[in-house]
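# A structural walkthrough
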Amino acid sequence: MKRRHLFITFEGVEKSGKSTHIKNVEKFLLQRNLKVKSFREPGSTKIGEKIRRLLLTPENDMHPFTEFLLYAAARAQFVKEVLSKALKTYDVVLSDRFYDSTLVYQGYALGLGLKEIKPIVEFLSFYIKPDLTFILDSRPEETLAGARKKDRIERRSLEFHRRVRKGYLLLAKMEPERIKIVRRRSKEEVEKEIISYIERLI
């Protein structure tokens, strides 16, 4: 590898296939004898998983600022408890979401403001930044259409999810070197494109 300890994140609207492609990437990297660790956000710690349930339970109505701070708290615990150590131990660390999600969901789609919350998001992420971020770009009306059981975030209006998508595309324009947009196509085509980007770092 050109350098060790890569941090790669996967982002996108709800049901965009992040977990599926993380598993595929993990398999690809393990076949090349690399040490790999995968996480999900919010979660990956005892406290983080409790906060996750609080955030996603449909009955829990909360103010956007409360939601933002809960995500930030879960991330701070995640970074300090497991991520910092993993980045020193594994060749590649994969995460299903990281701070870009907060910028987009709470900062852009909920209207708290990208510029306003970005310093807080970076501070509570302890200034750890992904080396590479994939946005699995999909139209929310397609990804959410077949979902039977929806969590608190998934139940939000289609307009909200469209703003989420728009927010991700905006971030990609702001950081084109780090953030790569992968358009919705067949599973095999998407996997091939993701792997091609990762191979450039290996």
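Presented here is a report on the structure given in the accompanying data block. (Residues numbered from 1 in each chain as written. Predicted model: local features only at pLDDT ≥ 70, side-chain atom pairs only at ≥ 80, totals over all residues. Heavy atoms only, no water.)

Right, let's talk about the nonpolar core for a bit. Ranked by size, the top nonpolar core spans 37 residues in total, and within it Leu83, Phe98 and Val164 carry the most contacts. With ten residues, the top contributor of residues to this core is helix H3 (residues 64-89). Ignoring anything within four residues of it in the chain, the contact list for Val164 reads Val13, Val104, Tyr105 and Ala109. Leu6, Val25, Leu34 and Val190 belong to the second-largest nonpolar core, a separate cluster that totals 20 residues. (Core = buried A, V, L, I, M, F, W, Y, C linked by side-chain atoms within 4.5 Å. Buried < 20%, exposed > 50% of the residue type's maximum accessible area, 1.4 Å probe, protein only. Helix = DSSP H or I, 4+ residues; strand = E, 2+ residues; numbered from the N terminus. Contact = heavy atoms within 4.5 Å.)

With that out of the way, let us pick up the side chain of Thr143. Positionally, Thr143 belongs in helix H6 (residues 140-143). Of the polar contacts made by the side chain of Thr143, one reaches the backbone oxygen of Glu14; its length is 2.9 Å. Excluding anything up to four places from it in sequence, Thr143 contacts Val13, Glu14, Lys15, Ser16, Ser138 and Arg184. (Polar contact = N/O pair within 3.5 Å; in protein donor to acceptor, adjacent residues only side chain to side chain.)

What follows deals with the environment of Leu114. By the element assignment, Leu114 lies in helix H5 (residues 114-124). Assessed through its relative accessible area of 18%, Leu114 is described here as buried. Along the primary structure Leu114 and Arg52 are separated by 62 residues, whereas in three dimensions their C-alpha atoms are 22 Å apart.

What follows deals with the environment of His63. Relative to the helices and strands, His63 resides in the loop between helix H2 (46-56) and H3. Take His63: its relative accessible area is 46%, and that puts it in the partly exposed class. The spatial distance from the C-alpha of His63 to the C-alpha of Glu191 is 37 Å, given a sequence separation of 128 residues. In this structure the side chain of His63 is engaged in a polar contact, spanning 3.0 Å, whose partner is the backbone nitrogen of Phe65.

Moving on, we get to the pattern of salt bridges. Should the charged atoms of two oppositely charged side chains come close, the side chains can pair. A complete count under the given rule lists 19 salt bridges for this structure. A salt bridge links Asp137 to Arg165; the nearest nitrogen and oxygen atoms lie 2.8 Å apart. A residue pair is termed long-range when its members are at least 10 positions apart, and Asp137 in strand S4 (residues 132-137) and Arg165 in helix H7 (residues 158-174) qualify at 28 residues. Asp137 gets classed as buried once you look at its relative accessible area, which sits at 4%. (Salt bridge = Lys/Arg side-chain N within 4 Å of Asp/Glu carboxyl O.)

Glancing now at the layout of surface pockets. Quantified by volume, the largest pocket comes out at close to 540 Å³. If you list the elements that add at least two residues to the lining of the largest pocket, you get helix H1 (18-30), H2, H3 and helix H4 (99-109). Per-element accounting of the lining of the largest pocket gives the leading share, four residues, to H4. Among the residues forming the lining of the largest pocket, the class breakdown is six nonpolar, six polar and 13 charged. A volume near 170 Å³ is recorded for the second largest pocket. Lining the second largest pocket are 14 residues, with Ser16, Gly17, His21, Arg184 and Val190 sitting closest to its centre. For the lining of the second largest pocket, the secondary-structure elements that each account for two or more residues are H1, S4, strand S5 (179-183) and helix H8 (187-199). Tallied by class, the residues present in the lining of the second largest pocket amount to three nonpolar, six polar and five charged. (1 Å grid on protein atoms, 1.4 Å probe; cavity = no way out; pocket = protein on both sides within 12 Å on 5 of 7 lines; lining within 4 Å. Points joined across faces, edges and corners; volume = space filled by probe spheres on them. Nonpolar A, V, L, I, M, F, W, Y, C, P; charged D, E, K, R; others polar.)

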